[in-house]
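Listed below are the residues making up each chain.
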Amino acid sequence: MITYIVLSLYCLVTTVYGLHSNKTIMSTLNTLSPVLYQSISTHSPDIYDLFSQASHNITFLLPDESALNSSISAGTLNFTSTTETAYSSLSIMVLDGYHLFNSLILNRTNYDTLHPTVPVELSIGPSLDNRQNTIQIISGATSAYIETKDIVCTNGIIHIIDNYLLPPQSPLDTMSNIVETDYFEELLKSLNISDIISGQNKTVLAPNNAAWEKINGTSLPFGTLIHNLKYLVLDGIYFSNQLRQLSKAEDGMNHLTTNYKHYPIYFQSEGQSVSAIAHSIHDTAHLIQTDIMTTSGIIHIIDSVISVNMIDERLSIIASNNYSSNGNTRMEFESSSAHVTLGIMTAIWRLLPMLLIVLNKFLF
């Protein structure tokens, strides 16, 4: 029985790793995805050459049949389009280099793709929702998991993934494609303040439509709105798993500084959920959609608009109290000094006759 199990496992491993090891990626697609193979052969000589040349060393993240059919039905993958070529569409799922599953799962890293016109990177690494031994790939507002790994070919390797990936866009373009951030996008455009969320390596906490509607965002004073928006932008790229990890730090260390006066924003987590906290537990926003990749960073959608004005008011009160406290201390010190000075002068006055007698005796 044990021998049978061992032989079965050996045959399975041999099938996955060795069946296509003497074929190119293109030839292997004829077995794995006949529809894609036929479409490439008929309509896309550029992709055909890319997947056929033995000198190449690439990694192809192949969407499974369900994901491919959905992308074709939606027009995302279109082999006859004159605007977005199939090569541009598929090339963001082709990595430069040979990347086995065991190397991809070590840590989350950005990988260069072979997109023909603009630099496009994919974020690949361990699953952000803590699935065991699972790799999650993030690109724009889409993500995918590797279903079948390490299909070795003569000119590279294939991993089969469960979704068709779309390229990342600018923060503003990304929001325009997400229904939950329509309100936020319109605010930025109408007031011409989209530069607040721009710039490289930024993490944006974007309130959803309901959050803005709740406070009637369009009626906020311009200055207040600018301050609140800056407070929702963090320097650096922080995925949800990093924020969860940060929330477990010791007291006083579970925060990041924001683009508004470097004020801190704190994070706490419960299970997989993450919350952002301003000045108190009563001003909290929950991250309801996470890890949306843009060309310059990350967007997390939150369910509340955190007001930075409350922090300003709180700090003003503290400063005022400190000033009053320092003022009282100064008055007490001055009063005490006066008493000491008076005491010394009194003592000198009382000793003065004796000093005169002593001086008179020695001098005369």
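Numbers given for residues are sequential positions, taken from 1 along each chain in its written order. With the structure being a predicted model, the display of local features is reserved for residues of pLDDT at least 70 and the display and counting of side-chain atom pairs for 80 or more, all residues being used for whole-chain, interface and lining totals. Only heavy atoms go into the side-chain values, all of them from the structure, while hydrogens and water stay out.

### Comments concerning the overall build of the protein
Turning to step 1, where the next piece is worked out: Strands here mean DSSP runs of E at least two residues long; helices mean DSSP runs of H or I at least four residues long; both are numbered from the N terminus. Counting its secondary structure elements, the protein contains 13 helices and 14 strands.
Turning to step 2, where the next piece is worked out: Only protein chains enter the accessibility calculation, which uses a 1.4 Å probe; a residue is then buried when its area is under 20% of its type maximum, exposed when over 50%, and partly exposed in between. A buried classification covers 41% of the 364 residues belonging to the protein.
Turning to step 3, where the next piece is worked out: Residue contacts follow a heavy-atom distance rule, with two residues in contact if any of their heavy atoms lie within 4.5 Å. Considering only contacts in the protein between residues 6 or more positions apart, those separated by 24 or more positions represent 61%.
Turning to step 4, where the next piece is worked out: Note on areas: Shrake-Rupley, 1.4 Å probe, and residue coverage restricted to the protein chains presented here. When the accessible surface of the protein is summed, it comes to about 19900 Å², and 57% of that surface belongs to carbon and sulfur atoms.

### What to know about the pattern of salt bridges
Note that side chains of opposite charge can pair when their charged atoms are close.
Turning to step 1, where the next piece is worked out: Any Lys or Arg side-chain nitrogen located within 4 Å of an Asp or Glu carboxyl oxygen qualifies as a salt bridge. All told, the structure shown has three salt bridges when counted by the stated rule.
Turning to step 2, where the next piece is worked out: For Lys-189, the salt bridge is made with Glu-185, and the minimal N-O distance between the two is 2.6 Å. Highlighted residues: Lys-189 and Glu-185, both in helix H9 (residues 182-190), separated by four residues, approximately one helical turn.
Turning to step 3, where the next piece is worked out: Looking at Glu-185, the relative accessible area reads 6%, which means it is buried.

### Some details on the side chain of Asn-209
Turning to step 1, where the next piece is worked out: Summarising the element assignment, Asn-209 is placed in helix H10 (residues 209-214).
Turning to step 2, where the next piece is worked out: Polar contact is the term for a pair of N or O atoms within 3.5 Å; when the atoms are in protein, one must be able to donate a hydrogen and the other to accept it, and sequence-neighboring residues count only if both atoms are side-chain atoms. A polar side-chain atom of Asn-209 sits 2.8 Å from the main-chain carbonyl oxygen of Val-179.
Turning to step 3, where the next piece is worked out: Beyond its immediate chain neighbours, meaning those up to four positions away, Asn-209 contacts Val-179, Glu-180, Thr-181, Asp-182 and Tyr-183.

### Here's the deal with the packing of helix H2 (residues 25-32) against helix H3 (residues 34-43)
When two helices pack together, their arrangement is given by the angle between their axes and by how far apart the axes lie.
Turning to step 1, where the next piece is worked out: Axis lines are fitted through C-alpha atoms, for helices just across the contact stretch, and the angle between N-to-C directions can take any value from 0 to 180 degrees. It is the contact of H2 with H3, at a shortest axis distance of 6 Å, that shows an interaxial angle of 135°. Considering their axes alone, H2 and H3 lie oblique with respect to each other. The segment H2 lies against H3, with Met-26, Leu-29, Asn-30, Thr-31 and Leu-32 engaging Pro-34, Leu-36, Tyr-37, Ile-40 and Ser-41. Orientation categories follow fixed angle ranges, with anything under 35 degrees roughly parallel, anything over 145 roughly antiparallel, 65 to 115 roughly perpendicular, and all other angles oblique.

### Quick word on the packing of aromatic side chains
Turning to step 1, where the next piece is worked out: Only rings of Phe, Tyr and Trp enter the pairing, Trp through its six-membered ring, and a pair is recorded when the two centres are within 6.5 Å. The plane angle decides the type: under 30 degrees is stacked, over 60 is edge-to-face, the rest tilted. Counted according to the given criterion, the structure contains four aromatic pairs.
Turning to step 2, where the next piece is worked out: Taken together, a centroid distance of 4.7 Å and an interplanar angle of 40° make the contact between Phe-51 and Phe-60 tilted.
Turning to step 3, where the next piece is worked out: The class for Phe-51 is buried, based on a relative accessible area of 1%.
Turning to step 4, where the next piece is worked out: Arranged with centres 5.6 Å apart and planes meeting at 40°, the rings of Phe-184 and Trp-212 form a pair that is tilted.

### Quick look at the nonpolar core
Turning to step 1, where the next piece is worked out: Residues belong to a common nonpolar core when they are buried Ala, Val, Leu, Ile, Met, Phe, Trp, Tyr or Cys residues joined through side-chain atoms within 4.5 Å. Counting 41 residues, the largest nonpolar core has Leu-36, Phe-51 and Phe-60 as its most contacted members.
Turning to step 2, where the next piece is worked out: Grouped together as the second largest cluster of nonpolar side chains are 22 residues, Met-175, Phe-184, Ala-211 and Ile-292 included.

### A closer look at the sheet that holds strand E11 (residues 264-270)
Turning to step 1, where the next piece is worked out: Pairing is mixed in the open sheet, where seven strands are placed in the order E9-E8-E14-E13-E12-E11-E10. Two strands in the sheet have a free side with no partner beyond their single neighbour: strand E9 (233-235) and strand E10 (255-257). Within the sheet, the average angular offset between the axes of one strand and its neighbour, ignoring direction, is 30°.
Turning to step 2, where the next piece is worked out: Any two strands between which DSSP finds at least two bridges are classified as paired. With three bridges joining them, strand E8 (residues 202-207) and E9 adopt antiparallel strand pairing. If you follow Lys-202 over to E9, its bridge partner there is Asp-235.

### Structural notes on unusual backbone geometry
Turning to step 1, where the next piece is worked out: A positive phi angle, close to 55°, is found at Asn-192, a residue other than glycine.
Turning to step 2, where the next piece is worked out: Within the secondary structure layout, Asn-192 lies in the loop between H9 and E8.
Turning to step 3, where the next piece is worked out: Under the relative-accessibility criterion, Asn-192 is labelled exposed at 65%.

### A short note on helix H12 (residues 240-247)
Turning to step 1, where the next piece is worked out: Along H12, the positions that sit buried rather than exposed are Ser-240, Leu-243, Arg-244, Leu-246 and Ser-247. With its buried residues spanning 160° around the axis, H12 presents them on a single face.
Turning to step 2, where the next piece is worked out: Contacts from the buried residues of H12 go to E10, E11, strand E12 (273-277), strand E13 (284-293) and strand E14 (297-302). The arc refers to the directions leading from the helix axis to the C-beta atoms.

### Some thoughts on the pairing of strand E6 (residues 142-153)
Turning to step 1, where the next piece is worked out: Pairing of strand E5 (residues 135-139) with E6, which is carried by four bridges, proceeds in the antiparallel orientation. Pairing of Gln-136 across the sheet is with Tyr-145, part of E6.
Turning to step 2, where the next piece is worked out: The loop that links E5 with its antiparallel partner E6 comprises two residues; one of these, Gly-140, has a positive phi angle of about 60°.
Turning to step 3, where the next piece is worked out: Across five bridges, the pairing between E6 and strand E7 (residues 156-161) is antiparallel. In the sheet register, Ile-146 faces E7, and the bridge partner there is Ile-161.
Turning to step 4, where the next piece is worked out: Counted between consecutive antiparallel strands, the loop separating E6 from E7 contains two residues.

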